[in-house]
Amino acid sequence: METTAAAVVLASGAGTRVGAKLNKVYLPLAGRRVVAWSLDAFERVPGIGVLVLVIRPQDRELAEEVTGEGVEIVYGGDTRQASELNALRHLAPRIRGGRVDAVLLHDAARPLVHPELVGAVLARTREDGGAVPGLAADDVVEVEAGHLVAQVPGAIRVQTPQGFRAGPLLEAYEKAEREGFVGTDTSSCMERFSSLPIRWVPGAPENLKITYPHDLVVAERLLAR
Ligand SMILES: C[C@](O)(CO)[C@H](O)COP(=O)(O)O
């Protein structure tokens, strides 16, 4: 039996801050749709044998336009946490059967992720249990009642893909659902519901998340290089 890693690309948010009528992950970017760039990065990592795209039902046609044969489509839920859980339940038979040993969860809206970063997160996940890419944020300062009070040493700006050993990840998400927890990202749930160590992997400055219109302009320029 061959064991592989799975990647889950999250595309089920509304993405309203970008101000487009279309879900931002299907907007055109340097000749393709945003999400196509993210999927392509994972397809180029040999250790990733399963690729899941989490979508909104109303985006099905668009999703099918950007996915090839190998991409498995799953419907998301009302929150990021619920969408992640749907994807993990979809993978559950393969996780419990030992065919999927690690899962990497990624924002579809981070189209500039590089296969090398995916590979680094996967390697660290397999070695330590959990891995999150991030950029050192040495300009972060705590503010209280409008006053700067202290620098925040050691802070990082968290990115995706975030990787975890598959069994503990599924277990943590099932537990979180029973307790009604809704996290902001995968690591926030794992910090609370799992004892896996979560290691920092240096992220990439260009691995930006498309949130506002200007992010599209920057991403287009970077991809054109
Ligand atoms: C996980 C994340 O990319 C970390 O920067 C970010 O929190 C995702 O935010 P979203 O609003 O769920 O897209």
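Chains are numbered independently. Their residues run from 1 in the order of the written sequence. pLDDT decides what is reported in this predicted model: residues at 70 or higher carry local features, side-chain atom pairs at 80 or more are listed and counted, and totals for whole chains, interfaces and linings draw on all residues regardless. The side-chain quantities take in all heavy atoms of the structure and omit both hydrogens and water.

- Looking at an unreviewed UniProt entry, the chain carries the name 2-C-methyl-D-erythritol 4-phosphate cytidylyltransferase, with the source organism given as Amycolatopsis mediterranei.

Comments concerning the nonpolar core
Okay, so step 1: One finds Tyr26, Val35, Phe42, Ile48, Leu53 and Ile210 to be the most contacted residues of the largest nonpolar core, which totals 41 residues.
Okay, so step 2: Under the DSSP-based scheme used, a helix requires at least four consecutive residues in state H or I and a strand at least two consecutive residues in state E, with every element numbered from the N terminus. For this core, the secondary structure elements donating two or more residues are strand E1 (4-10), helix H1 (34-43), strand E4 (48-55), helix H2 (60-66), strand E6 (100-107), helix H4 (115-128) and helix H7 (213-224).
Okay, so step 3: Looking at this core element by element, the count peaks at seven residues for H1.
Okay, so step 4: Of all hydrophobic cores here, the second largest spans 29 residues; its members include Ala87, Ala92, Ala166 and Cys189. Among buried residues, those of type Ala, Val, Leu, Ile, Met, Phe, Trp, Tyr and Cys that are joined through side-chain atoms within 4.5 Å constitute a nonpolar core. We call a residue buried when its accessible area falls under 20% of the maximum for its residue type, exposed when it is over 50%, and partly exposed in between, using a 1.4 Å probe and counting protein chains only.

Considering the site of the ligand
Okay, so step 1: Around the ligand, a shell composed of Arg17, Arg80, Asp107, Arg110, Val158, Thr160, Asp185 and Lys209 is seen.
Okay, so step 2: Here an oxygen atom of the ligand and a side-chain polar atom of Asp107 are 2.5 Å apart.
Okay, so step 3: Residue Arg110 places a side-chain N or O atom 2.9 Å away from an oxygen atom belonging to the ligand.
Okay, so step 4: When the ligand is considered free in solution it has 360 Å² of accessible area, and contact with the protein chains removes 69% of it.
Okay, so step 5: Applying the majority rule of atoms within 2 Å of the grid points places the ligand in the largest pocket.
Okay, so step 6: Classification used: nonpolar for Ala, Val, Leu, Ile, Met, Phe, Trp, Tyr, Cys and Pro, charged for Asp, Glu, Lys and Arg, polar for all others including Gly. Grouping the amino acids of the shell around the ligand by side-chain chemistry returns one nonpolar, one polar and six charged. For this description, a residue counts as near a given molecule or strand if any of its non-hydrogen atoms is within 4 Å of it. For this analysis, a polar contact is any N or O atom pair within 3.5 Å, provided that within protein one partner can donate a hydrogen and the other can accept it, and provided that sequence-adjacent residues contribute only side-chain to side-chain pairs. Surface accessibility in these figures is a Shrake-Rupley result with a 1.4 Å probe; residues are shielded only by whichever protein chains are displayed. Cavity and pocket criteria rest on a 1 Å grid covering protein atoms alone: a 1.4 Å probe that fits but cannot get out defines a cavity, protein on both sides within 12 Å along at least 5 of 7 lines defines an open pocket, and an atom within 4 Å of a point defines a lining residue. A molecule is counted as occupying a cavity or pocket when more than half of its atoms fall within 2 Å of that pocket's grid points.

Quick notes on the packing of helix H5 (residues 166-178) against helix H6 (residues 186-193)
Describing two packed helices takes the angle between their axes plus the distance from one axis to the other.
Okay, so step 1: Axis definition: a line fitted to C-alpha atoms, over the contacting stretch in the case of helices. Angles run 0 to 180 degrees between N-to-C directions. Relative to each other, H5 and H6 sit at 85 degrees, their axes nearing to 9 Å. As the angle between them shows, H5 and H6 are arranged roughly perpendicular. Contacts from Pro168, Leu169, Ala172, Tyr173, Lys175 and Ala176 in H5 reach Thr186, Cys189, Met190 and Phe193 in H6.
Okay, so step 2: The residue inventory of the contact of H5 with H6, partitioned by class, reads eight nonpolar, one polar and one charged. Note on terminology: angles under 35 degrees are roughly parallel, angles over 145 are roughly antiparallel, angles of 65 to 115 are roughly perpendicular, and the others are oblique. Two residues qualify as a contact provided that any one of their heavy atoms is within 4.5 Å of a heavy atom in the partner residue.

What about the environment of Asn23?
Okay, so step 1: Inspection of the secondary structure puts Asn23 in the loop between E1 and strand E2 (28-29).
Okay, so step 2: Considering only alpha carbons, one finds Asn23 and Ala11, twelve residues apart in sequence, at a separation of 8.5 Å.
Okay, so step 3: Residues within four places of Asn23 in sequence aside, it is in contact with Ala11, Gly13, Ala14, Arg56 and Asp59.
Okay, so step 4: A polar contact is formed between the side chain of Asn23 and the backbone oxygen of Gly13, at a distance of 3.3 Å.
Okay, so step 5: There is a polar contact of 2.9 Å between the side chain of Asn23 and the side chain of Asp59.

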